[in-house]
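The lines below spell out each chain.
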Amino acid sequence: MSVEAEYKLEMRADGATLSGVMRLVSPAAYRSALAAVHDQIDAATGPLELDLAGLQFLNSSGITALSRLVMQARERSVTMTVIIDEQVSWQKKTLPSLARLYPKLTLKGR
Amino acid sequence: MDLVGQVGDTLTPQDPAERLSKLRVELLPIDLIVQWRRCSKMADFLAGYFEYHFEDRPVASQVLSTGLNELIENLAKFSANKQKPVSIEINHYGELLTVTTENEAARPQTTALRARLARMATTDPEELFLEQLEHTASSDRAASGLGLINLKKDYGARLAAEIRAVPDDPERFVVSLQLELNVDAIERG
């Protein structure tokens, strides 16, 4: 199966930035793509920031993958801020629902 | 369990004479499986085709692409015979946009879809959304039906399916999934 990378993941000391279009085939594909973020949450000693403002499209497998990051942060009690762009429809609509999974997750508009 | 029949929300009957626009596409699921990016390309193309009916075209295109991508991915994943054509048809009736997908699915997938649509018709979509995510937290399974739940939750979509038997094959069913969206929900983004 051929998959062109249309998204970009940039890691930072205090978080990560995800941008582009992410419509991967399955949760397993996302687990592999987001492995570095999972590792960062596992190793976190302070709050993390996940910048999704530049992510134009995310499919439902991606939303499942995001929820797993949130639940992992919840398990480890890592405070998380998610940067969003309220002009991007899926971010405006779906991310507030995701935030209900974890009280220490805050959404912040760019 | 008899799977044949209608399930899901009650949809508004449409008069073909009032249709403003229509596009129907037929494709082979195998083409999507071997090049997954085609799902996104097709969603973007269909969204771009219909964006001209809306005042804010970029917003409409974004909303339509998001919804259509979910339906197209489902066609790729849940069609029993990947070499058998599936179809997507979009109709614009002024205040309503309807999307109908049709494919042949195996009994287990048809049973699951039927149960999901029946539940979605009677349960708050926000609660269903969170329940699905919590339920699949620890596996590599996709949160089942999350794409369809999201369409209801985020855009007020109405969803129904008509399920028909395949002649001479009791384990296969023709599934016609119908989605109805209000134009103003798309405009609001």
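Preceding this section is the structure that the text describes.
A short tour of the structure in this document, coming up.

What counts, and at which threshold
Residues numbered from 1 in each chain as written. Chains lettered and ligands numbered in written order. Predicted model: local features only at pLDDT ≥ 70, side-chain atom pairs only at ≥ 80, totals over all residues. Contact = placed C-beta atoms within 7 Å. Helix = DSSP H or I, 4+ residues; strand = E, 2+ residues; numbered from the N terminus. Axes fitted to C-alpha atoms, helices over the stretch in contact; angles between N-to-C directions. Parallel < 35°, antiparallel > 145°, perpendicular 65-115°, else oblique. Left-handed = near helix turned anticlockwise from the far one by under 90°. Nonpolar A, V, L, I, M, F, W, Y, C, P; charged D, E, K, R; others polar. Core = buried A, V, L, I, M, F, W, Y, C linked by C-beta atoms within 7 Å. Buried ≥ 20, exposed ≤ 12 C-beta atoms within 10 Å, placed from the backbone.

In this section: the interface of chain A and chain B. Many descriptions give the size of an interface as the accessible area lost when the pieces come together. Between chain A and chain B, the contact holds 27 residues from the first and 30 residues from the second. When contributions to the side of chain A that touches chain B are tallied by element, the ones reaching two or more residues are α1 (27-33), α3 (60-75) and α4 (89-99) of chain A. Here the element with the most residues in the side of chain A that touches chain B is α3 of chain A; it accounts for 7 residues.

With that settled, consider unusual backbone geometry. The phi torsion at S77 of chain A lies on the positive side, around 55°, for a residue other than glycine. Topologically, S77 of chain A is positioned in the loop between α3 and β5 (80-84).

The next thing to look at is the packing of helix α2 (residues 37-50) of chain B against helix α3 (residues 57-78) of chain B. Residue and element names in this part refer to chain B. Two numbers describe how α2 lies on α3: the axes approach to 8 Å, and their chain directions differ by 140°. Taken as axis vectors, α2 and α3 run oblique relative to one another. Note on packing geometry: the crossing formed by α2 with α3 is right-handed. For the pair α2 and α3, the contacting residues are C39, S40, M42, A43, D44, L46, A47, G48 and F50 in the first and S61, L64, S65, L68, N69, I72, E73 and A76 in the second. Of the residues assigned to the contact of α2 with α3, the class counts are 10 nonpolar, 5 polar and 2 charged.

This brings us to the nonpolar core. Counting 73 residues, the largest nonpolar core has L69 of chain A together with L46, L64, L68 and I72 of chain B as the members making the most contacts within it. Residue contributions to this core peak at 9 residues, all from α3 of chain B. Not counting residues within four places of it along the chain, the set of residues in contact with L68 of chain B comprises A43, L46, A47 and V99 of chain B.

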